[in-house]
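# Structural description and commentary
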Amino acid sequence: MTLTLFPGRATLAELEQVWRTGVPVRLDDSALAGIEAAAELVRKAAAGDAAVYGVNTGFGKLASVRIKPGDTAQLQRNLILSHCCGVGETLDVATTRLMMALKLLSAGRGASGITWKTLSVIQDMLAAGVTPVIPSQGSVGASGDLAPLAHMAAAMIGEGEAIFEGERMPAAEALRRAGVEPAVLAPKEGLGLINGTQFSTACALTGFFSAVRNLEASVVSSCLSTDAIMGSTAPLEEGIHAFRGHRGQIDIARAMRAVMAGSVIRESHREGDARVQDPYCIRCQPQVAGAALDLLRFSGQTLEIEANAVSDNPLVLVKEGKIVSGGNFHAEPVAFAADQIALAIAEIGAISQRRVALMVDPSLSFDLPPFLTPAPGLNSGLMIAEVTTAALMSENKHLANPCSTDSTPTSANQEDHVSMAAHGARRLKRMNDNLNVIIGVELMCAAQGVEFRAPLVTSPVLQGAIGLIRSEIATLTDDRFMAGDIARAAALVAEGRVQGKCDVATLLAGEAA
């Protein structure tokens, strides 16, 4: 199967499919005419006398240096090789493939001047499973993601390294074994390939996709926790949230009402419960998770626009018949989106962690045993699992500090304000991994707590969630090695299984669709 993408019209769902499944992509044939028209304009400029940035001039601070017509092809190759300065861990294969698809989408708009022959190398590499080795550090998010995209372009011309059939090797060897002809760069093509926000955008998109899954899982975990401590569902009343008016809050409350519907535990304490109000981590889940949902939705819209954007420089304006320098490479929208996603991740985790702390504390859990073990003292139960969530929550708070407010001048002060989108987006993976664990531990605690309420039972939907949890993690009786349980619980969240079991995505869409 190959996914056909339409430049300017790719959806978040399509991009998530590319990332999660590794499906090869191709541009729709309707893009070819615009691609070649822009390339023809570049060819004419390269043969002309007028100075055109990146076509017959140097780059950055060296833009005033004219390049002879016979040297324009060497200029592009030199650009790629000199900009391969990335360091650090290698970007994972799935995100790298998404980045390549984003470059196809951008160049496919017909304003980059890259020929179809060169773009087809990206398609061929995706189809054959040749993945450039991309060091993850080195971009400041303007003038585009130069270093990481240079490593992608280097692999296209047979330089640098690539991964093929699970093996890391010289890119030339990977292309040869896959039967892919290396690209030979025409004027402006090197610049068009490396000048853009595709690395930052790909990392931000994967952070967004994972954060949405985590938020959906937190709907399930918060509902289970509410029943575990025999909390009230009165704060989920529709009228409360209608008066506030925030879409995300309304949607979270509606989803929670649906998930908890039919809970015998809830019905058992509607009368005669001396408690008047629950702690905020129970009572304010719609307000906190709803605000996070609104942030994620806004960030997703920004990233969908950016995924379809032309973000290199200069741009080829075919209708106007000219090539114009601008600043679309500046990744400030991506940096802002990444910061917003980071805030959402941190707060989803913060309130989830407080529910974990609530459930293990016998003074707050409404008669649950200390640390959710049937034999406290001899057994420590989930004591240190809670401590782990506290550590990860605190780490995510630190990581959520904004990156977009930072800047430093580069390239001899020519590029004097930059976005820092690249590492702002990269940190989201670490934050989501941490949040997987926090919510996973909450699910473990809440399932354990609900089981202590027997013979009372939770809602049918949540009984299904507990059944899924217990298929992976046994009820905790005597103390045992816990790291494997935590890893399995985190995987249930990361893989979307627990939220899928409760159909949370559909519930959240609801009236907002």
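These remarks concern the structure in this document.

### Quick look at the overall build of the chain
Check the secondary structure of the chain and you find 21 helices and nine strands. Against the globule reference of 24 Å for 513 residues, the chain gives a C-alpha radius of gyration of 26 Å, in line with a compact fold. For the chain, the spread of C-alpha atoms along the three principal axes comes to 90 × 50 × 45 Å. Taking all 513 residues of the chain together, 56% fall into the buried category. Partitioning the contacts of the chain with sequence separation of at least 6, the portion at a separation of at least 24 is 78%. Taken as a whole, the chain presents about 20300 Å² of accessible surface, with 56% of it coming from carbon and sulfur. Looking at the chain, you have 42 positive and 53 negative side-chain charges, and the mean spots of the two groups are 3 Å apart.

### Here we look at the packing of aromatic side chains
Evaluated as defined, the whole model comprises two aromatic pairs. Each member of the aromatic cluster is reached from another via a ring pair, and the members are Trp19, Phe208 and Phe209. The ring of Phe6 is capped by Arg9, whose NZ or CZ atom sits 4.5 Å from the centre of that ring. A cation over a ring is seen here: Arg275 above Phe366, with NZ or CZ 3.6 Å from the ring centre.

### Notes on empty space enclosed by the protein
If a probe as big as a water molecule is rolled over the atoms, it shows which places are left empty. Enumeration according to the criterion identifies three cavities of 30 Å³ or more in this entry. In this structure, the largest cavity occupies an estimated 60 Å³ of space. Here the lining of the largest cavity is composed, by residue class, of six nonpolar, one polar and three charged.

### Quick notes on the sheet that holds strand E7 (residues 167-170)
Taken in spatial order, the three strands make up an open sheet running E4-E6-E7, and their pairing is antiparallel. Each edge of the sheet is formed by a strand with only one pairing partner; in this case those strands are strand E4 (130-132) and E7. Sheet twist, expressed as the mean angle between neighbouring strand axes with direction ignored, is 35 degrees. Where strand E6 (residues 161-164) lies against E7, four bridges are found, and the strand directions are antiparallel.

### Remarks on the packing of helix H9 (residues 198-228) against helix H15 (residues 332-360)
Interaxial distance between H9 and H15 falls to 10 Å at its minimum, and their mutual angle equals 20 degrees. One way to sum up the angle between H9 and H15 is to call them roughly parallel. Considering the relative orientation of H9 and H15, their crossing is left-handed. Each of Ser200, Thr201, Ala204, Gly207, Phe208, Ala211, Leu215, Ser218, Ser221, Ser222, Ser225 and Ala228 in H9 lies in contact with H15, whose residues at this interface are Val334, Ile341, Ile345, Ile348, Arg355 and Met359. A per-class count over the contact of H9 with H15 returns 10 nonpolar, seven polar and one charged.

### Re the pattern of salt bridges
In this structure the tally under the stated criterion is 23 salt bridges. With its nearest N and O atoms 3.6 Å apart, the salt bridge here joins Arg177 to Glu167. Within this pair, whereas Arg177 is found in helix H7 (residues 171-178), its partner Glu167 is found in strand E7, the two being separated by 10 residues in sequence. Residue classification places Glu167 among the partly exposed positions, given a relative accessible area of 40%. Here Glu267 makes a salt bridge to Arg270, at a shortest N to O gap of 2.9 Å. The exposure class of Glu267 is partly exposed, given its relative accessible area of 47%.

### Quick notes on the layout of surface pockets
Its volume calculated, the largest pocket comes out at about 540 Å³. Asp92, Thr95, Thr206, Arg426 and Lys429 are, among the 24 residues lining the largest pocket, the residues nearest its centre. The set of elements that each furnish at least two residues to the lining of the largest pocket consists of helix H1 (12-21), strand E3 (87-90), helix H4 (93-107), H9, helix H17 (421-451) and helix H19 (483-494). The greatest single-element share of the lining of the largest pocket, amounting to seven residues, is contributed by H17. Partitioned by chemical class, the residues of the lining of the largest pocket number eight nonpolar, nine polar and seven charged.

### Here's the deal with the packing of H9 against H17
Remark: H9 packs on H17, axes separated minimally by 8 Å, with the N-to-C direction vectors making an angle of 15 degrees. For the element pair H9 / H17, the angle class is roughly parallel. In this structure, the crossing between H9 and H17 has a hand that is left-handed. Residues of the contact of H9 with H17, tallied by class, amount to 17 nonpolar, 11 polar and three charged.

### Quick look at helix H16 (residues 383-399)
The terminal C-alpha atoms of H16 lie 25 Å apart, and with 17 residues this matches the ideal 24 Å at 1.5 Å per residue to within 8%. Along H16, the positions that sit buried rather than exposed are Ala385, Glu386, Thr389, Leu392, Met393, Asn396 and Leu399. An end-on view of H16 places all buried positions within 140 degrees of arc, on one side of the element. Away from its buried face by more than 90 degrees, H16 exposes Ile384 and His398. Summarising the contacts, the buried residues of H16 are in contact with H15, H17 and H19.

The rules behind each value
Residues numbered from 1 in each chain as written. Predicted model: local features only at pLDDT ≥ 70, side-chain atom pairs only at ≥ 80, totals over all residues. Heavy atoms only, no water. Helix = DSSP H or I, 4+ residues; strand = E, 2+ residues; numbered from the N terminus. Rg over C-alpha atoms; globule rule 2.2 N^0.38 Å. Buried < 20%, exposed > 50% of the residue type's maximum accessible area, 1.4 Å probe, protein only. Contact = heavy atoms within 4.5 Å. Areas by Shrake-Rupley, 256 points an atom, 1.4 Å probe, with all protein chains shown as cover. Lys, Arg positive; Asp, Glu negative; His and termini not counted. Charge placed at Lys NZ, Arg CZ, Asp CG, Glu CD. Phe/Tyr/Trp six-rings, centres within 6.5 Å; stacked < 30°, edge-to-face > 60°. Lys NZ or Arg CZ within 6 Å of the ring centre and 35° of its normal. 1 Å grid on protein atoms, 1.4 Å probe; cavity = no way out; pocket = protein on both sides within 12 Å on 5 of 7 lines; lining within 4 Å. Points joined across faces, edges and corners; volume = space filled by probe spheres on them. Nonpolar A, V, L, I, M, F, W, Y, C, P; charged D, E, K, R; others polar. Pairing = 2+ DSSP bridges. Axes fitted to C-alpha atoms, helices over the stretch in contact; angles between N-to-C directions. Parallel < 35°, antiparallel > 145°, perpendicular 65-115°, else oblique. Left-handed = near helix turned anticlockwise from the far one by under 90°. Salt bridge = Lys/Arg side-chain N within 4 Å of Asp/Glu carboxyl O. Expected span 1.5 Å × (residues − 1). Arc of directions from axis to C-beta.

Purely geometric stuff here, so don't read any function into it on its own.
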